[in-house]
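Chains, contacts and geometry: an overview
Residue-level listing of the chains:
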Amino acid sequence: MADMVDVAAALADVAAAAAGAEVLADEERRHRIEWPCPAGMWEGMTRSGPWHAQRVRRGDAFVDGLRDDFLAPYAPQEPLAHNPAARLLVLRKRRSGE
């Protein structure tokens, strides 16, 4: 995994330089999200989270039809947690002559 990070950092430097910028920060950010139960996660993600786009695109009937299959492997009243990650890149445009 460290090799992938090195490659990603090098590509960010090259891309920034090609665009006339420099990389000030290149970090992975993680945070834990805890849900009271799997159904709560489903509702949150499909009503106001990143999966809401599927509701808009395919409609409520389609998304609601996936609910039971999603919930099947989980205990109904057990808390559920996940740790999403994102890459944070901070760039600064170089001034003329830098």
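Scroll up to find the structure this text is about.
To start, this report covers the structure provided alongside it. (Residues numbered from 1 in each chain as written. Predicted model: local features only at pLDDT ≥ 70, side-chain atom pairs only at ≥ 80, totals over all residues. Heavy atoms only, no water.)

1. A short note on helix α2 (residues 38-47)
- Listed as buried for α2 are P38, M41, W42, G44, M45 and T46.
- Where α2 is buried, its residues meet β2 (33-35), α3 (52-58), α4 (60-71) and β3 (80-82). (Buried < 20%, exposed > 50% of the residue type's maximum accessible area, 1.4 Å probe, protein only. Helix = DSSP H or I, 4+ residues; strand = E, 2+ residues; numbered from the N terminus. Contact = heavy atoms within 4.5 Å.)

2. A word on the environment of F70
- With respect to the element layout, F70 can be found in helix α4.
- Along the backbone, F70 and A39 are 31 residues apart, and their C-alpha atoms lie at a distance of 9.1 Å.
- In this structure, F70 is in contact with P38, M41, W42 and W51, ignoring residues within four places of it in sequence.

3. Focus: the nonpolar core
- W35, M41, W42, M45, V63, F70, L71 and L80 form the largest nonpolar core, which has eight residues in total.
- Of all the secondary-structure elements, those providing two or more residues to this core are α2 and α4.
- Once residues within four sequence positions are removed from consideration, W35 is found in contact with G40, M41, G44, M45, P79, L80 and H82. (Core = buried A, V, L, I, M, F, W, Y, C linked by side-chain atoms within 4.5 Å.)

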